[in-house]
Each structure stands twice: as structure tokens, then as C-alpha cells.
Amino acid sequence: MSRRRPLRLALLAAPMVPIPPPGYAGTERIVSALLDELVARGHAVTLFGPGDSTAGAEIVPTVERALWPSGITGDVVPWIQLSIERAWSAHERFDLIHSHVDTHGFSFARHCPTPILHTLHGRLDFPGVPDLLDEFRDIPLVAISDSQRRWKPENNWVATIHHGLPLDRAPHSDAPGNYLVFVGRVAPEKGVDDAIELARMTGMPLRMAAKVHEPEEQQLYAEVVEPAIAEGLVKFQGELSPTERDSLMAGALATVMLGAWPEPFGLVAIESMATGTPVIARRAGALTETIEHGETGFLVDDLTEARLAVALVADLDRRRIRERAVERFSVARMVDEYEDVYYRLVDRHGGRRTAHPVLEAGALAARDSPIAAGWPAVPATGGQPSPAGRVGDG
């Protein structure tokens, strides 16, 4: 439980995937885990997110149904802007709003009277993002790795907080398996080509539990994955349920993450380690912070090193790998660190306490809230999140 008074918190999620997510997702899994633990600690939590979310808190729908399961692809920025507006119009209900829509909410954070905290989940070097960070050096930001924030040390980073998940629930195995596994998206930056080539070099079968959603993912699947399936190198299993995916990782010799891009975090790595399965990853981005070389996996620079890692990986202590993952990447540790940030920001803001319509008056919202504007709150479902809320990250 929290050591201080409960807070009235809003979590702002993007509109693409419900919370908790039923399939492949990264950010949405973290939002779900954060929400559940904050509620368990006695905080009053409201989720601004898709209306088909089933999180155990008050839900203010930003869209009726999540976009991607509804078949909407392409530019989703207008719906993200709508989501920000829903939260902004109800800001007085909260002590703090925690945004998970990356850079889209920066103006929100600067101009809203209620403290706004942004956790940045993506890369910060894409075109335009460095300029945005230069402009908004005043707003409080949380990084998910030191690697992510290293290009803009002058910004107002209030913390680096590694992700946490309920990893103690994961199935695990102390015995190494006889195949490699790839979990994530069929995207060039995820190292799909290299994972398949490593399987070819080592003669080790590759099983893929991966999402194929965007047009570029479909193209890569057709050009690279399908021929490897025909060759007998790859068994493609699609987007598995969390239970199926975790079992797949637990039975593998190693999980491979060979993408030549700087992962801002990489949830797949900690999920794999929680099953006892070591990770063979390219030495890039946050994977250098989450994988302990020679203990929980291997960090490699090219396919030659990756082939050596495959030869050595069965000697690692899988029980110790699991223990380290559960110890380092728990939800409790993550939320402890977020609570410290929340209280610091609220105290700096003067600890303003406005009337909370739900907790103190029995109504659902002030007149200017999205609820009064025709966006009804979805009541809390209560209980623990469904296992379907546990999906992989890219």
C-alpha cells in the first residue's frame, strides 16, 4: 500500500488497443499493470482510453471501440488528439494525469493547470521529435531506459523507470529446449531477417509468434517469412494468446532479438527471462540495461557472435535467469518509483485538491467533462486482469 494519502490519478492511453490488450501490445500492457497496482494501493484511478477496455477502474471512453481491432489502420493522430481533449476537459477531477501518448500530449502538459506526467515509450530520434523535445524542455518526462533519454539530457527528466510486469506468474522451465523463438512484430527493425539467417546458420528451428498488421509488416512476411516457412526453417504461429506465447518461450533454447535498432526498452526480453529462457540480443539500446551478458543471455554485435551465443546458451542457469527477471522487473518496483514521482509533482504543484465528483459527491463528472458531453463512464469491472491482458512487446 502507498505510504501517503491516496491520489486521484488519470491514465491517458492511446486509442488503438483496449486496456488490458487482448493480443500483441507493449505500452498497453504497462498501462494495464500500472493501473491494477495503483488501484490495489488505494488510489482513485480513471482510465481515458478505448470504450471496450475492461480495466478494473473507471473508464472514460475516448473512442467507442479500439481502432486496430475495429480494422482502422493508417494515421491515428486525429483519434489521439481526441483522446487528449477528453482528458484535458476533465483535468480538474485529478491530482495528476499520467500520459502514455508519447509526444502528442506535450502542449497538454505545458498548458493544463493539473500536473501532467509523460512516460515516453518510443524512440526520440525520429524526424521532428528532437525539435519537439527542444521546445518542451520544461515539461516533466519519464524515460523507460537511460539509452532512450541519452540524446536529450537537458530535458526535464524526472526519472528513468524500467518497466515492470507480473512476471512471477509466467510458466518456466529449467531445461533448455531445442528451438529458437522470435516474439514481436514482423518488422525490419526487429531483426526478422537475421533471426531466420541465424536459424539457417545453426540448423536450429525458429518458431515465430509475431504480429502482421501494418502494410509493411505484410510485405516483409511475404518476402522473407513465407520463403523460410517453405524452406522448413520457420514455424510461424502468429499472434498467440499470452499463455501460449509464454509457454512457447519457456520451451525454447533462447529468445532472439537481433534488430539493429535501439530498443527503447524491449518487453520481450524480460518476459523471456521470466520463463527461464535466456535472450540472445543485439548489443543496442535498452537491451544493454536489461540483459546481463553471460548471466541472463548474450549481447552480440553480428550473426557470427550470435552463432557462438547459440552454442553457449544452454550452459546458462535458467533458474537464476528467472530469479533475476522477477527480482528486477516487478510491478511493485515500477509502481514504487512512479508513486515517488507522482507525489513529488503533486507536492511541487501545491497539493491542490479539487472536489472529486465520483469519490465525494456521487456524481460522475463536472459539467465540462467528457462524461457530461455524452461519453459515459464505463464502471470498473473489479477483480484481477484477465490473462488475456498479458501480451508481448516488440
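Provided above is the structure to which this section pertains.
Source: prediction; values computed, not measured.

Engineer: Hey, could you go over the pattern of salt bridges for me, with residue numbers and the actual values?
Structural biologist: The full count for this structure, using the stated rule, is 33 salt bridges. R41 is the salt-bridge partner of D336, the closest N and O atoms lying 2.7 Å from each other. Highlighted residues: D336 in helix 13 (residues 331-348) and R41 in the loop between helix 1 (27-40) and strand 2 (44-49), separated in sequence by 295 residues. D336 gets classed as partly exposed once you look at its relative accessible area, which sits at 36%. Linking E217 and K211 is a salt bridge whose minimum nitrogen-to-oxygen distance equals 3.1 Å.

Engineer: Talk me through helix 13; I want residue IDs and the actual numbers.
Structural biologist: For an α-helix the count is 3.6 residues per turn, leaving residues at separations of three or four pointing the same way. Taking 1.5 Å of rise per residue, the 18 residues of helix 13 would be expected to cover 26 Å, and the 26 Å separating its terminal C-alpha atoms lies within 8% of that figure. All of the buried residues in helix 13 are V331, R333, M334, V335, Y338, E339, V341, Y342, Y343, L345 and V346. Just past helix 13, the residue G350 takes up positive phi, approximately 100°.

Engineer: Lay out the side chain of T277 in plain terms, naming residues and giving numbers.
Structural biologist: Mapping T277 onto the fold places it in the loop between helix 9 (267-274) and strand 12 (279-282). Under the relative-accessibility criterion, T277 is labelled buried at 0%. Among the polar contacts listed, one links the side chain of T277 to the backbone oxygen of M249, at a separation of 2.5 Å. Aside from chain neighbours lying at most four places away, what touches T277 is M249, A250, A252, L253, A254, T255, S272, R318 and I321.

Engineer: Would you mind going over the environment of A306 in detail, with residue names and values included?
Structural biologist: With respect to the secondary-structure elements, A306 resides in helix 11 (residues 303-312). Once you skip the residues sitting within four places of it in the chain, A306 turns out to touch L198, L258, I280 and V300.

Engineer: How would you sum up the side chain of S272? Please name residues and give values.
Structural biologist: Inspection of the secondary structure puts S272 in helix 9. S272 gets classed as buried once you look at its relative accessible area, which sits at 0%. Not counting residues up to four positions away in its chain, the partners in contact with S272 are M249, T255, T277, P278 and V279.

Engineer: Can you lay out the pairing of strand 2 for me, pointing to particular residues and giving the numbers?
Structural biologist: In terms of residue burial, strand 2 counts as a mostly covered element, since six of its six residues are buried. Burial along strand 2 is two-sided: A44, T46 and F48 facing one way and V45, L47 and G49 facing the other are all buried. Here strand 1 (residues 8-12) runs beside strand 2; their pairing, made up of five bridges, is parallel. Paired with L9 across the bridge in strand 2 is V45. Direction of pairing for strand 2 relative to strand 3 (residues 58-61): parallel, over a ladder of four bridges. In the sheet register, F48 faces strand 3, and the bridge partner there is V60.

Analysis parameters
Residues numbered from 1 in each chain as written. Predicted model: local features only at pLDDT ≥ 70, side-chain atom pairs only at ≥ 80, totals over all residues. Heavy atoms only, no water. Salt bridge = Lys/Arg side-chain N within 4 Å of Asp/Glu carboxyl O. Helix = DSSP H or I, 4+ residues; strand = E, 2+ residues; numbered from the N terminus. Buried < 20%, exposed > 50% of the residue type's maximum accessible area, 1.4 Å probe, protein only. Expected span 1.5 Å × (residues − 1). Polar contact = N/O pair within 3.5 Å; in protein donor to acceptor, adjacent residues only side chain to side chain. Contact = heavy atoms within 4.5 Å. Pairing = 2+ DSSP bridges.

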